[in-house]
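Report on the structure
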Amino acid sequence: MVVILRPGTTEKEIEKLENSVEKYGVTVSKVVGTERTILGLIGDTTKVDPYVIEANRNVERVMHVAEPFKKANRMFHPDPTIVKVGNITIGGGQIAVIAGPCSVESSEQILNIAREVKKSGAHLLRGGAFKPRTSPYAFQGMKYEGLALLKQAREETGLPIVTEIMCTNDIDLFQREVDIIQVGARNMQNFDLLRRLGEVNKPVILKRGMSATIEEWLMAAEYILSGGNQNVILCERGIRTFETYTRNVADLGAVPVIKKLSHLPVIVDPSHATGKWWMVPDMTKAAIAVGADGVLIEVHNDPVNALSDGQQSIKPCVFNKLMQDIRQIAKAVGREV
Ligand code: PEP
Ligand code: MN
């Protein structure tokens, strides 16, 4: 249930109303918007009589929230959430470009790619140190050594770093050392991990599970939000369908759906969504045109010899040209890069 207060309601009156509804055993989530304050009632609201609340002179309207996601719901939070990383914003008018290799492979490799993507105008550097691979025999990432190399690349280029977490044991380390923590598609419903990330003071990119519905994805975000961490960025990375030509099917329609249902920023990963490097520029442009708040792109200096996902990684020169196109598309849809 959502209680929309009249403009000008005082703090004291809000507190009184909060106390009166908390007596029914629900928790109140207060969102102070640009114009109005909204109280979201979470829990079993069956005992709360909307007519009694509406009788309060400070209440403008009471709405029932049918969806199971509450904190992620746009009804609870009409203004878009803007996630800040240093002076970069994700979810406002600015498009955030996150670029880098699938995996960190060596000091030379990550530094080379970091310098290249920085030169072309990327805002953040991605690179997997812990890799969730389908085969246990495939390269599993450089792990802690990879994390140290990412930090070195950040130090040299100034680009904040984005990397995937796989295990709850690493949460403290990631909280200290990483700028945005990525939860991969395979861990979207790792509820232990999500709950722990709810207590973390760092933004989280939550990738859509490869067979997850939009509602399941938003419920996964709800786990993080309900723990207190409001800085969640959703990432569409393609879903499984009957089609086998592409690695996944880029569900770009999910972007406007998320924008309608939720206040959370949503970005698109055209690399995993297609699995083919030559599709990445066109799908990136489409993602921005459809309203994505950013893109996550795999870039590699030597894709043929990459230790993971070379076939979907673009070279720095292709990325450089793509950045120019991104600026034009962004401008056409009223955004900035
Ligand atoms: C990745 O970003 O390299 C990755 C493993 O992505 P996903 O979790 O979307 O498969
Ligand atoms: Mn990858």
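To continue, consider the pattern of salt bridges. Pairs may arise between side chains of opposite charge once their charged atoms sit close together. For the coordinates displayed, the defined rule picks out 19 salt bridges. A salt bridge links Lys-259 to Asp-293, with the nearest nitrogen and oxygen atoms 2.5 Å apart. Remark: Asp-293 occurs in the loop between α10 (280–289) and β14 (294–298) and Lys-259 occurs in helix α8 (residues 254–261); sequence separation between them is 34 residues.

Our next topic: the nonpolar core. If you look at the biggest cluster of nonpolar residues, it comprises 66 residues, and the most contacted ones within it are Val-117, Leu-125, Leu-197, Leu-206, Leu-234 and Phe-319. No other element matches the seven residues that helix α7 (residues 214–226) contributes to this core. Here Phe-319 is in contact with Val-97, Ala-99, Val-117, Ser-120, Ala-122, Ile-297, Val-299 and Ile-314, once residues within four sequence places are set aside.

Of note in this structure, Lys-143 is not a glycine but carries a positive phi near 55°. Considering the arrangement of structural elements, one finds Lys-143 in helix α4 (residues 143–157). Overall, Lys-143 belongs to the partly exposed group, its relative accessible area being 36%. Of note, the phi angle at Asp-309 is positive, near 55°, even though the residue is not glycine. When its relative accessible area of 12% is taken as the criterion, Asp-309 is described as buried.

Mapped onto the elements, Glu-105 comes out in the loop between β7 (96–100) and α3 (107–120). Of the side chains bearing the opposite charge, Arg-133 lies closest to the buried Glu-105, which forms no salt bridge; the N-O distance is 8.4 Å. Glu-105 has contacts with Met-142, His-300, Asn-305, Ala-306, Leu-307 and Ser-308, leaving out every residue within four places of it along the chain.

Coordination of the manganese ion (ligand 2) by the protein is provided by Cys-102 (SG), His-272 (NE2), Glu-298 (OE) and Asp-309 (OD), with metal-donor distances spanning 2.1 to 2.4 Å. Written as a sequence motif, the donor arrangement for the manganese ion (ligand 2) is C-x169-H-x25-E-x10-D. Here His-272, found in helix α9 (residues 270–274), pairs with Asp-309, found in the loop between β14 and α11 (316–332); they are 37 residues apart in sequence, far enough to count as distant. An identical accessibility class is assigned to His-272 and Asp-309; each is buried.

Conventions we followed
Residues numbered from 1 in each chain as written. Chains lettered and ligands numbered in written order. Predicted model: local features only at pLDDT ≥ 70, side-chain atom pairs only at ≥ 80, totals over all residues. Heavy atoms only, no water. Salt bridge = Lys/Arg side-chain N within 4 Å of Asp/Glu carboxyl O. Helix = DSSP H or I, 4+ residues; strand = E, 2+ residues; numbered from the N terminus. Core = buried A, V, L, I, M, F, W, Y, C linked by side-chain atoms within 4.5 Å. Buried < 20%, exposed > 50% of the residue type's maximum accessible area, 1.4 Å probe, protein only. Contact = heavy atoms within 4.5 Å. Lys, Arg positive; Asp, Glu negative; His and termini not counted. Donors = N, O, S within 2.8 Å, 3.2 Å for Na, K, Ca; no water.

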